[in-house]
Amino acid sequence: MNTLKRIIDGTVDDNIYKRIGWMYVSFLLIYISVTILAYLLLPDGILRSKHTVVSALELSPNLWISTLQIFGYNLIPTSLIICSNLIAQQSRISKEKFVPIGYFGFWCIVILAGLYLGTWSFEVVTEAPPLYLRLIRGFDVFHHAGFYELSAYLLAAVTSFKFTLWYSDGKKIVTSRKWRDVRLNSSEKIIFVLVFVLLFCGSLIESYGITQLAG
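Residues numbered from 1 in each chain as written. Predicted model: local features only at pLDDT ≥ 70, side-chain atom pairs only at ≥ 80, totals over all residues. Heavy atoms only, no water.

## What to know about the overall build of the protein
Keep this limit in mind: Secondary structure elements follow DSSP: runs of H or I no shorter than four residues count as helices, runs of E no shorter than two count as strands, and numbering proceeds from the N terminus. Working definition: with a 1.4 Å probe on protein chains only, accessible area under 20% of the residue-type maximum means buried, over 50% means exposed, and in between means partly exposed.
Looking only at helices and strands, the protein features 8 helices and 4 strands. Walking the protein from its N terminus toward its C terminus, one meets helices and strands in the order α-α-α-α-β-β-α-α-α-β-β-α. Taking the principal axes of its C-alpha atoms as reference, the protein extends roughly 55 × 40 × 30 Å. Burial statistics for the protein: of 215 residues in total, 38% are counted as buried.

## What to know about the packing of aromatic side chains
Each aromatic ring pair is specified by the distance between its two centres and by the angle formed by the two planes. So the rule is basically this: Ring pairs are drawn from Phe, Tyr and Trp, using the six-membered ring of Trp, whenever the two centres fall within 6.5 Å, and their geometry is named by plane angle: stacked under 30 degrees, edge-to-face over 60, tilted for the rest. Should the NZ of a Lys or the CZ of an Arg lie within 6 Å of a ring centre and within 35 degrees of the ring normal, that charge is described as sitting over the ring.
As enumerated under the stated definition, the model contains 16 aromatic pairs in all. Judged by centre distance (5.7 Å) and plane angle (85 degrees), the rings of Tyr 31 and Phe 139 are edge-to-face. Linking Tyr 31 in helix α2 (residues 16-41) with Phe 139 in the loop between α6 (131-138) and α7 (146-159), this pair joins segments that are 108 residues apart in sequence. Judged by its relative accessible area of 31%, Phe 139 is partly exposed. Seen from the ring of Phe 122, Arg 137 lies directly overhead, with NZ or CZ sitting 4.3 Å from the centre.

## Describing the packing of helix α4 (residues 63-84) against α7
Put simply, the rule is: Between the N-to-C directions of two axes lies an angle of 0 to 180 degrees, each axis being a line fitted to C-alpha atoms and, for a helix, fitted only over the stretch in contact. Oblique is the label for any angle not covered by the other classes, which are roughly parallel (under 35 degrees), roughly antiparallel (over 145) and roughly perpendicular (65 to 115). The sense of a crossing depends on the near helix, which, turned anticlockwise from the far helix by less than a right angle, makes the crossing left-handed and, turned clockwise, makes it right-handed. Whether two residues are in contact is decided by their heavy atoms: any pair within 4.5 Å suffices. Residues are grouped as follows: Ala, Val, Leu, Ile, Met, Phe, Trp, Tyr, Cys and Pro are nonpolar; Asp, Glu, Lys and Arg are charged; all remaining types, including Gly, are polar.
Packing of α4 against α7 brings their axes to within 9 Å, and their N-to-C directions diverge by 30 degrees. Between α4 and α7, the crossing angle belongs to the class labelled roughly parallel. Classified by chirality, the crossing of α7 by α4 is right-handed. Of the residues in α7, those in contact with Ile 70, Asn 74, Pro 77, Thr 78, Ile 81 and Ile 82 of α4 are Glu 149, Tyr 153, Ala 156 and Ala 157. Partitioning the contact of α4 with α7 into residue classes produces 7 nonpolar, 2 polar and 1 charged.

## Some points on the nonpolar core
Keep this limit in mind: Grouping buried Ala, Val, Leu, Ile, Met, Phe, Trp, Tyr and Cys residues that are joined through side-chain atoms within 4.5 Å yields what is termed a nonpolar core.
Met 23, Tyr 103, Phe 106, Leu 154 and Leu 155 are the most contacted members of the largest nonpolar core, which totals 36 residues. Within the residue set of this core, elements represented by two or more residues are α2, α4, α5 (101-119), α7 and α8 (186-214). Look past the residues within four positions of Leu 155 in its chain and what remains in contact with it is Ile 20, Ile 191, Leu 194, Val 195 and Leu 198.

## Brief notes about the pattern of salt bridges
The following threshold applies: Whenever a carboxyl oxygen of Asp or Glu lies within 4 Å of a side-chain nitrogen of Lys or Arg, that contact is scored as a salt bridge.
The full count for this structure, using the stated rule, is 6 salt bridges. Put simply, Asp 9 and Lys 5 hold a salt bridge, and the shortest N to O gap is 3.0 Å. Within this pair, Asp 9 and its partner Lys 5 are both found in helix α1 (residues 2-11), separated by 4 residues, close to a single helical turn. A residue is classified by how much of its surface remains accessible, and Asp 9, at 18% relative accessible area, is buried. Taking relative accessible area as the criterion, Lys 5 reaches 28% and is therefore assigned partly exposed.

Structure follows, in structure tokens:
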């Protein structure tokens, strides 16, 4: 419990670099654990075609058009994380802290990513590799987009941490503030822009990989 409390406290620290560091700790713990458990307990391909939106997405054979298509799709979860951060809920683990709802959205995305990696359920069908290669793939920034996209979602969560306007104890709003009270410092503004740079880089890498396999 002390470890979980320390992680929660770190992810809502006033210092953005501490928030980023502790959020990466939570990301790695969830991502690696879920990937391993999914690999051990679930059959390969079990989630393939289960995501109706991704399954229905028809990408252009043109590299740049498909890049923009993927980028546009990735803006949806990014926007949801940012908008969800308008509300924060009191933590059950660290009672004095309020955790933005967008954080929970990010952690759910990480769980799904771990499940897809662990069960090798990607829409582009390739031979399923052993566990260690799957884990390497998850952090291969030269050939795969996953780490770029997840990092973008993570940074979107921690930079929009200050966007919270309403604070809930789980039953009612206990305090609130006005939008004019929201202030981002220079570092937070730069990192917020970096979110969209990472999203575009990830979209380009993913588009390139898909066109190579299709071509």
